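A look at the structure
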Amino acid sequence: MLVNAKEMLDNAYENGYAIGHFNTNNLEWTKAILLAAEEKKTPVIIATSEGASKYMGGFKVVADLVKAMHDGLGITVPVAIHLDHGSYEGAKACIEAGFTSVMFDGSHFPLEENLEKTKEIVELAHSKGISVEAEVGGIGGTEDGVTSSGEVADVEECKQIAACGIDFLAAGIGNIHGVYPDDWEGLNFDVLKEISDAVKMPIVLHGGTGIPDEQIKKAISLGVSKINVNTECQLVFAEATRKYIEAGKDLEGKGFDPRKLLADGTQAIIDKVEEKIDMFGSANTAK
Ligand code: 13P
């Protein structure tokens with residue numbers, strides 16, 4: 001059975017580690033994340049953006065795929081299926097489709113509207129035992145075609161959105177989606193500490209790809225309990241698949257069979273997810 005993300009994140013928050021949120025794109029991705037989490041004995045969050053969900057055939061396909069594969073593979077660790085950067089309509093649709101956790105990202109709305117809509121999603125989601133993440137301030141980079149300049153969140157706004165009853169908070173602290181530019185200044189730990197002291201709840205670090213390990217560890221020590229990783233898994237998958245094809249392996253025997261063609265890429269995702277889990281400190285925490 002899938003679970004919501006509240007208990008796993010509360011445990012992480014109280015015990016000083018972070019749970020990995022890994023975006024899925026298809027069947028291989030889903031399988032790789034589940035197998036890595038099981039191997040590492042950690043709770044895990046499998047997430048999809050609205051764009052990836054559309055690509056896979058809709059929210060219900062994603063929810064059913066994760067549920068069926070979790071059961072089919074005999075996974076025993078806690079797994080949540082989470083909507084990443086959901087719109088108001090998308091979050092509502094995922095609550096209906098069987099997701100166990102949703103992010104409502106109203107950060108592009110005026111604050112009052114973000115607060116109002118967040119409260120509504122919280123009420124609806126909590127009535128069904130589904131956890132909720134919300135965001136104030138933008139996260140830099142491009143996510144599903146939406147580009148934000150990556151502000152550093154305002155502490156007062158963080159307090160107000162936390163008071164909407166959310167379970168965990170995404171707040172910009174200089175993090176960006178995708179690969180970090182060479183002139184990136186790093187995470188803003190002063191702001192993170194201020195936000196963390198003000199909201200006293202698990203904080204979500206988006207844009208996990210490419211943040212140096214030392215910065216990740218410091219962020220965890222200051223209250224970050226969920227770290228989102230997407231691009232890094234895409235990069236290692238693409239690299240391993242390219243190597244397979246460049247080595248001509250798809251032309252040897254039945255090397256063109258998708259089960260072979262995608263195997264190295266899938267293993268690369270498993271290795272990357274396991275590496276991240278070790279770094280986030282959540283290995284062997286699954287009850
Ligand atoms: P990256 O693609 O930079 O890893 O960010 C993932 C993310 O934050 C998804 O919400």
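As a reminder, the structure under discussion sits directly above these lines.
Residues numbered from 1 in each chain as written. Predicted model: local features only at pLDDT ≥ 70, side-chain atom pairs only at ≥ 80, totals over all residues. Heavy atoms only, no water.

1. Overview of the overall build of the chain
The test is simple: Each helix is a run of DSSP H or I of at least 4 residues and each strand a run of E of at least 2, with the numbering of both proceeding from the N terminus. The globule rule is 2.2 Å times the number of residues to the power 0.38, and the radius of gyration it is compared with is taken over C-alpha atoms. Think of it in three bands: with a 1.4 Å probe and only protein chains considered, a residue is buried below 20% of the maximum accessible area for its type, exposed above 50%, and partly exposed in between. Contacts: residue pairs with any heavy atoms within 4.5 Å of one another. Here the accessible surface of atoms and residues is derived via Shrake-Rupley with a 1.4 Å probe, and residues count as covered only by protein chains that are part of the display. In this charge count, Lys and Arg are treated as positive and Asp and Glu as negative; neither His nor the chain ends contribute. A charge is said to be at NZ when it belongs to Lys, at CZ for Arg, at CG for Asp and at CD for Glu.
Counting its regular elements, the chain contains 12 helices and 10 strands. Rg of the C-alpha trace for the chain: 18 Å, near the compact-globule value of 19 Å for 287 residues, within the 12% margin. For the chain, the residues scored as buried account for 56% of the 287 residues in total. Put simply, of all contacts in the chain between residues at least 6 apart along the chain, 72% involve residues at least 24 apart. Surface exposure of the chain reaches about 12,400 Å², of which carbon and sulfur atoms provide 52%. In the chain, 26 positive and 46 negative side-chain charges are present, and the distance between their average locations comes to 6 Å.

2. Points about the site of the ligand
Using the following cut-off: Any residue with a non-hydrogen atom lying within 4 Å of a molecule or strand is treated as near it. Identification of polar contacts relies on pairs of N or O atoms within 3.5 Å, with a donor-acceptor requirement for protein atoms, meaning one able to donate a hydrogen and the other able to accept it, and with residues adjacent in sequence counted only if both atoms are side-chain atoms. Gly is put with the polar residues, along with every residue not named as nonpolar or charged; the nonpolar set is Ala, Val, Leu, Ile, Met, Phe, Trp, Tyr, Cys and Pro, and the charged set is Asp, Glu, Lys and Arg.
Contacts to the ligand come from 14 residues, most closely from D84, G178, G207, T209 and T231. Contact between the ligand and H206: an oxygen atom at 3.0 Å from a side-chain N or O atom of the residue. In this structure, N228 approaches the ligand through a side-chain N or O atom, which is 3.3 Å from an oxygen atom. The fraction of the free accessible surface of the ligand (310 Å²) that becomes covered by protein chains is 99%. Broken down by secondary-structure element, the contributors of at least two residues to the shell around the ligand are β3 (79–86) and β10 (224–229). Within the shell around the ligand, the residues separate by chemical class into 1 nonpolar, 11 polar and 2 charged.

3. What about helix α7 (residues 155–162)?
An α-helical segment advances 3.6 residues per turn. Residues three or four places apart therefore align on the same side. We apply this condition: An arc is given here, and it is the one of the directions from the helix axis to the C-beta atoms.
For α7, every residue scored as buried is listed here: V155, C158, I161 and A162. Seen along its axis, α7 keeps its buried residues to an arc of 125 degrees; they face one direction. Buried residues along α7 sit in contact with α6 (111–126), β5 (131–136), β8 (168–171) and α8 (189–199). The N-cap of α7, judged by a side-chain oxygen 3.1 Å from the amide nitrogen of E156 a few residues on, is D154.

4. Side note on the side chain of D257
Mapped onto the elements, D257 comes out in the loop between α10 (231–246) and α11 (258–261). In this structure D257 comes out as buried when scored by relative accessible area, which is 17%. Polar contacts involving the side chain of D257 include one to the main-chain amide nitrogen of R259, which spans 2.8 Å.

5. Looking at the packing of aromatic side chains
As a reminder of what qualifies: In this analysis, rings of Phe, Tyr and Trp, with Trp reduced to its six-membered ring, are considered paired at centre separations within 6.5 Å, and the interplanar angle assigns stacked below 30 degrees, edge-to-face beyond 60, and tilted for intermediate values. Only when the NZ atom of a Lys or the CZ atom of an Arg is both within 6 Å of the ring centre and within 35 degrees of the ring normal do we say a charge sits over the ring.
The final tally for this structure, using the stated rule, is 5 aromatic pairs. With centroids separated by 4.7 Å and ring planes inclined at 50 degrees, the aromatic side chains of W29 and F237 adopt a geometry described as tilted. Placement of W29 in helix α2 (residues 27–40) and of F237 in helix α10 is noted, with a sequence separation of 208 residues between them. Taken individually, W29 and F237 each receive the classification buried, so the pair is uniform in this respect. Ring pairs connect the aromatic residues Y88, F104 and F109, which therefore count as one cluster. The ring of F189 has K218 sitting right over it, with the charged end atom 4.7 Å from the ring centre.

6. Notes on the pattern of salt bridges
Operational definition: By salt bridge we mean one thing: a side-chain nitrogen of Lys or Arg within 4 Å of a carboxyl oxygen of Asp or Glu.
In this structure the tally under the stated criterion is 16 salt bridges. Note that E113 and K117 form a salt bridge whose closest N and O atoms lie 2.6 Å from each other. With E113 and K117 both in helix α6 and 4 residues apart, this pair spans about one turn of that helix. The partly exposed category is assigned to E113, whose relative accessible area is 29%. For E232, the salt bridge is made with K272, and the minimal N-O distance between the two is 3.1 Å.

7. Some thoughts on the sheet that holds strand β2 (residues 44–48)
The following threshold applies: For two strands to pair, DSSP has to find at least two bridges joining them. In this analysis an axis means a line fitted to C-alpha atoms, helices contributing only their contacting stretch, and an angle means the value between N-to-C directions, from 0 to 180 degrees.
As summarised here, the arrangement of the 8 strands in space is β1-β2-β3-β4-β5-β8-β9-β10, forming a closed barrel in which the pairing is parallel. Shown here is a sheet whose adjacent strand axes are inclined to one another by a mean of 25 degrees, direction ignored. As paired elements, β8 and strand β9 (residues 203–205) share 2 bridges and run parallel to each other. The residue bridging A170 from the neighbouring strand is V204, located in β9. Strands in contact with α8 are β8, β9 and β10; relative to β9, the strand with the most contacts, it is inclined by about 150 degrees.

8. Some details on the pairing of β10
For clarity, the cut-off: Every crossover in which the path from the first strand over the helix to the second runs clockwise, viewed with the strands pointing away from the viewer, is termed right-handed.
Within β10, 6 of the 6 residues are buried, which leaves it mostly tucked inside the rest of the structure. Relative to β10, β9 is paired through 3 bridges, and the arrangement is parallel. Within β10, the position partnered with L205 by the bridge is I227. The parallel pair β9 and β10 is bridged by helix α9 (residues 213–221), and the resulting crossover is right-handed.

9. Notes on the environment of H108
Mapped onto the secondary structure, H108 falls in the loop between β4 (101–104) and α6. The exposure class assigned to H108 is exposed, which follows from its relative accessible area of 59%. With 176 residues separating them in the primary sequence, H108 and N284 have C-alpha atoms 38 Å apart.

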